[in-house]
Amino acid sequence: MMTYIADVEKSTFWAHRSWTRFAEIEDKHNYLVVVPVCGFADWGLGHPLDIEETVGMAILKQAVKTMKGFLSIIVAPPLRFVLGPYENCAFSLDSETAYDYVEDVVHSIHITGFNKVVFFNTSPWNEELVNKACARDLRIKYAMQMFSINLYGLGLDFHPVRSKSRSLLQTMGTYLREQEPVLASGPGKSVPSDVLEMDEASHADPLTDFTPLEQARKEGAKMLRQTGEHLAGLLLEVNERQPLPHDGVIYQKKGL
């Protein structure tokens, strides 16, 4: 029995293609490459450290199934070892190493011949990193057409303070794992947060209640379908963007 390295729609997964299959693709400019970014952290939901990937990859898989046949898409293996600045995070990298890691992945995609990349990020702590990489640096350095979609933009958010959807994420995790969360028997350890606004809290308490499994199956399935459709719509919008002029190369204006 084959063990898969991620929960993906198998026919569109990068790791299931040989180098010869990549070499045979003639219209790489028409492909959209999606790079998932999923950290490891205890978000105070009572679910394991890989709950970001459990939720994020399920949403991406649903989105790919929704739009399959409407665009050419390849999903790269998720980047799991990313920025995680707090003690609730695990297997984390410092900011410089995390950025270099993201750049190495984009460079690998670039030299394979693709030029349109979307980061799909579930981690609050990596939003700025991928947005910066997409909006400026890697766009300029590799003449790539770069985009970022954060889970926050789909209405779900792991951020312990900013989020208004922690219980929804917990319910979706229960549905996807087919297992109710394990909550602390007493006051749990606070989940640290960066302070985004004046007078904002720097910590949040773990959740103390949860949706039972039977109810989570119904609510989670609906949530997954809706969020997957939302992501599919955004990816289709990205795919319809016109190619960058001059193959993405930015020419400097010369003085008179």
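Refer to the structure above for everything that follows.
All values derive from a computational prediction rather than experimental measurement.

Chemist: Please clarify how the packing of aromatic side chains should be interpreted in this entry.
Modeler: Geometry of an aromatic ring pair is reported as the spacing of the ring centres plus the angle between the planes. Applying the stated criterion across every chain yields a total of ten aromatic pairs. Aromatic pair phenylalanine 22 and phenylalanine 114: ring centres 6.1 Å apart, planes at 80°, arrangement edge-to-face. Residue phenylalanine 22 is found in helix H1 (residues 19–24), and its partner phenylalanine 114 is found in the loop between helix H3 (95–112) and strand E5 (116–121); the two are separated by 92 residues along the sequence. The residues phenylalanine 22 and phenylalanine 114 share a single accessibility class, namely buried. With centroids separated by 5.1 Å and ring planes inclined at 65°, the aromatic side chains of tyrosine 86 and tryptophan 125 adopt a geometry described as edge-to-face. Highlighted residues: tyrosine 86 in the loop between strand E3 (72–75) and strand E4 (89–90) and tryptophan 125 in the loop between E5 and helix H4 (127–142), separated in sequence by 39 residues. For tyrosine 86, a relative accessible area of 24% corresponds to the partly exposed category.

Chemist: So what exactly am I meant to see when it comes to the sheet that holds E5 here?
Modeler: Hydrogen bonds between backbone groups are what pair the strands of a sheet, and the pairing can be parallel or antiparallel. If you trace the four strands from one edge of the open sheet to the other, you get E3-E1-E5-E6, paired in parallel fashion. Every interior strand has two partners, whereas the edge strands, E3 and strand E6 (145–150), have only one. Strand-to-strand twist across the sheet, computed as the mean angle between neighbouring axes with direction ignored, equals 25°. Here strand E1 (residues 31–37) pairs with E3 via four bridges, running parallel. When the bridges of E3 are listed, tyrosine 31 appears paired with serine 72.

Chemist: Explain the packing of helix H5 (residues 166–177) against helix H6 (residues 213–239) here, please?
Modeler: Helix-helix packing: each pair is described by the crossing angle between the helix axes and the interaxial distance. At their nearest, the axes of H5 and H6 sit 8 Å apart, and the two run at 105° to each other. As the angle between them shows, H5 and H6 are arranged roughly perpendicular. Here Leu168, Thr171, Met172, Thr174, Tyr175 and Leu176 of H5 come into contact with H6, specifically with Leu213, Ala216, Arg217, Glu219, Gly220, Ala221, Met223, Leu224 and Thr227. Tallied by class, residues from the contact of H5 with H6 come to nine nonpolar, four polar and two charged.

Chemist: It is not clear to me how the nonpolar core should be interpreted in this structure. Could you clarify?
Modeler: Grouped burial of nonpolar side chains is what soluble globular proteins tend to show. Counting 40 residues, the largest nonpolar core has Ile59, Leu60, Phe120, Leu231 and Leu235 as its most contacted members. Of all the secondary structure elements, the ones that give two or more residues to this core are E1, helix H2 (51–67), E3, E5, E6, H5 and H6. Ranked by the residues each element gives to this core, the list is headed by H2, at nine residues. Beyond its immediate stretch of four places on either side in the chain, leucine 235 contacts Leu32, Val34, Leu60, Met67, Leu71, Ile73, Val118 and Ile149. In terms of nonpolar packing, the next biggest core, distinct from the first, is built from 29 residues, Phe22, Val105, Phe119 and Leu138 among them.

Scoring rules and cut-offs
Residues numbered from 1 in each chain as written. Predicted model: local features only at pLDDT ≥ 70, side-chain atom pairs only at ≥ 80, totals over all residues. Heavy atoms only, no water. Phe/Tyr/Trp six-rings, centres within 6.5 Å; stacked < 30°, edge-to-face > 60°. Helix = DSSP H or I, 4+ residues; strand = E, 2+ residues; numbered from the N terminus. Buried < 20%, exposed > 50% of the residue type's maximum accessible area, 1.4 Å probe, protein only. Pairing = 2+ DSSP bridges. Axes fitted to C-alpha atoms, helices over the stretch in contact; angles between N-to-C directions. Parallel < 35°, antiparallel > 145°, perpendicular 65-115°, else oblique. Contact = heavy atoms within 4.5 Å. Nonpolar A, V, L, I, M, F, W, Y, C, P; charged D, E, K, R; others polar. Core = buried A, V, L, I, M, F, W, Y, C linked by side-chain atoms within 4.5 Å.

Keep in mind these numbers describe shape, not what the thing actually does.
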